[in-house]
Amino acid sequence: MDCTSAEILVDVGCFRLYKDGHVDRTGGTDTVPAGFDADTGVTSKDVVIDSATGVSVRLYLPHIIQTETHGDDKKLPILVFFHGGYFVVGSARCPKHHRHLNYLVARACVVAVSVDYRLAPEHLLPAAYDDSWAALNWAVSGGDPWLSEHGDTGRVFLAGVSAGGNIAHNMTIAVGARGLDAAAPARIEGTILLHPSFCGEARMEAEPAEFWDSVKKRWGIIFPEAKDGLDDPRMNPMAAAAPSLGKLACERMLVCVAAEDPRRPRERAYYDAVKATGWAGEVGWFESEGEGHAFADKHGSQEAVALMDRVVAFIASH
């Protein structure tokens, strides 16, 4: 065996990615079952949307749906959520994501679709993007009675954390560039990017070198066919070959960042680029002080509560 196969290129604590492309996951593999959550009154269930790939979603219904009769004029917004985890770890069944969705669904009063896309490196990118696109179209086409009976396709929100924030951006761009595949019309009212992961071939001065190098090595393994490397438009929305940010399909966007996150320089550049592009929508910025990347799972912390409040207010506003 080639001795280089055991060389670790990326070690972020929850996984180790090796030079030969295999992975050891040391975290992010725990799961919890769907069902009734006594703390929030939210009920969830898992649905396989593609038997060929095994891609599934976890659906969430708030307590109000289960206790009241609703006509078409009382349908609730649909939230399509993409989990984080470097495209390598995590799932819709992850305890922290499941708990976060239960509380968000209860607070925002939405029907939620948490997408369980396939993970790299076993399923190289763009698999995660393809799965997320399939799930979005499935959701807005009313792929399950929970959605067709209770979800309002005229008020769809996309949200994601970290790698999931990257996916949420790319889904919003894809809808604007080519439209949804679903036959029924749907309106993307808002996109919420929670500490989204972006990068580029040229390191920004404010980006820590060690962080940038880790991202570059990881991207090269999980997306080897990205001909422009980190300047692939899916990782660098400001790259020369990237679609214009004016194509963002949502009417409103909220970019949420953490002050101590090494991703913050890219997130700020993205926010500024969206504002400068002449996009007709409204973009907001929310920064959490004293926190690092993807801290929202610190359930009950002051900053996590403030972030949840801002997201709920964004969904509730018209």
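Structure shown above.
Here the structure is a predicted model, which means the values were calculated and not measured.

Details of the packing of aromatic side chains
Point 1. With the rule as written, the count across this model stands at seven aromatic pairs.
Point 2. The interplanar angle of 50 degrees and the centroid separation of 5.1 Å between the aromatic rings of Tyr271 and Trp285 together place this pair among those described as tilted. Remark: Trp285 occurs in strand β11 (residues 282-288) and Tyr271 occurs in helix α7 (residues 264-276); sequence separation between them is 14 residues.
Point 3. Taken together, Phe87, Tyr129, Trp219 and Phe223 form an aromatic cluster joined through their ring pairs.

Observations concerning the sheet that holds strand β3 (residues 23-25)
Across a sheet, strands are paired by hydrogen bonds formed along the backbone, either parallel or antiparallel in direction.
Point 1. In space, the three strands of this open sheet follow the order β1-β2-β3, with antiparallel pairing throughout. Bordering the open sheet on either side are β1 (8-11) and β3, each of which pairs with just one other strand. Going across the sheet, the axis of each strand differs from the next one's by a mean of 15 degrees, ignoring polarity.
Point 2. Strand direction decides the pairing type here: β1 and strand β2 (residues 15-18), joined by three bridges, are antiparallel. Bridge pairing links Asp11 to Arg16 in β2.

Considerations on the side chain of Asn102
Point 1. By the element assignment, Asn102 lies in helix α2 (residues 95-108).
Point 2. We classify Asn102 as buried; its relative accessible area is 1%.
Point 3. Residue contacts for Asn102: discarding those within four places in its chain leaves Asp37, Thr40, Val42 and Tyr60.

As for the packing of helix α3 (residues 127-140) against helix α5 (residues 163-178)
Point 1. Two elements in contact, α3 and α5, have axes separated by 10 Å at closest approach and are oriented at 65 degrees. α5 is crossed by α3, and the crossing has right-handed handedness. Facing α3, whose interface residues are Ala128, Tyr129, Ser132, Trp133 and Leu136, α5 presents Asn166, Ile167, Asn170, Met171, Ala174, Val175 and Arg178.
Point 2. Here the residues of the contact of α3 with α5 sort into eight nonpolar, three polar and one charged.

A word on the pattern of salt bridges
Point 1. For the coordinates displayed, the defined rule picks out 19 salt bridges.
Point 2. Its salt-bridge partner being Arg58, residue Asp46 comes within 2.6 Å of it at the nearest N-O pair. Within this pair, whereas Asp46 is found in strand β4 (residues 43-50), its partner Arg58 is found in strand β5 (residues 55-61), the two being separated by twelve residues in sequence.
Point 3. Residue classification places Asp46 among the partly exposed residues on the basis of a relative accessible area of 39%.

A closer look at helix α6 (residues 209-222)
Given 3.6 residues per helical turn, the α-helix brings residues three or four places apart onto the same face.
Point 1. The terminal C-alpha atoms of α6, which comprises 14 residues, lie 20 Å apart, in line with the 20 Å expected from a rise of 1.5 Å per residue.
Point 2. If you check which residues of α6 are buried, you get Phe211, Trp212, Val215, Arg218, Trp219, Ile221 and Ile222.
Point 3. Where the residues of α6 are buried, they touch β1, β2 and α3.

Remarks on the pairing of β5
Point 1. Most of β5 sits inside the fold, with seven of its seven residues counted as buried.
Point 2. For β4 and β5, the ladder comprises seven bridges, and the chain directions are antiparallel. Each bridged residue has a counterpart across the sheet, and for Lys45 the counterpart in β5 is Leu59.
Point 3. Taken together, β4 and the strand that follows it, β5, pair antiparallel across an intervening segment of four residues, in which Gly54 is found at a positive phi of about 80 degrees.

Considering the packing of α2 against helix α8 (residues 302-316)
Point 1. Relative orientation of the contacting elements α2 and α8 amounts to 45 degrees, with a least axis distance of 10 Å. In terms of orientation, α2 and α8 fall into the oblique class. In the packing of α2 onto α8, the handedness of the crossing is right-handed. For the pair α2 and α8, contact is made by His100, Tyr103, Leu104, Arg107 and Ala108 and by Met308, Asp309, Val311, Val312 and Ile315, respectively.
Point 2. In the contact of α2 with α8, the residues fall into seven nonpolar, one polar and two charged.

Cut-offs used in this document
Residues numbered from 1 in each chain as written. Predicted model: local features only at pLDDT ≥ 70, side-chain atom pairs only at ≥ 80, totals over all residues. Heavy atoms only, no water. Phe/Tyr/Trp six-rings, centres within 6.5 Å; stacked < 30°, edge-to-face > 60°. Helix = DSSP H or I, 4+ residues; strand = E, 2+ residues; numbered from the N terminus. Pairing = 2+ DSSP bridges. Axes fitted to C-alpha atoms, helices over the stretch in contact; angles between N-to-C directions. Buried < 20%, exposed > 50% of the residue type's maximum accessible area, 1.4 Å probe, protein only. Contact = heavy atoms within 4.5 Å. Left-handed = near helix turned anticlockwise from the far one by under 90°. Nonpolar A, V, L, I, M, F, W, Y, C, P; charged D, E, K, R; others polar. Salt bridge = Lys/Arg side-chain N within 4 Å of Asp/Glu carboxyl O. Expected span 1.5 Å × (residues − 1). Parallel < 35°, antiparallel > 145°, perpendicular 65-115°, else oblique.

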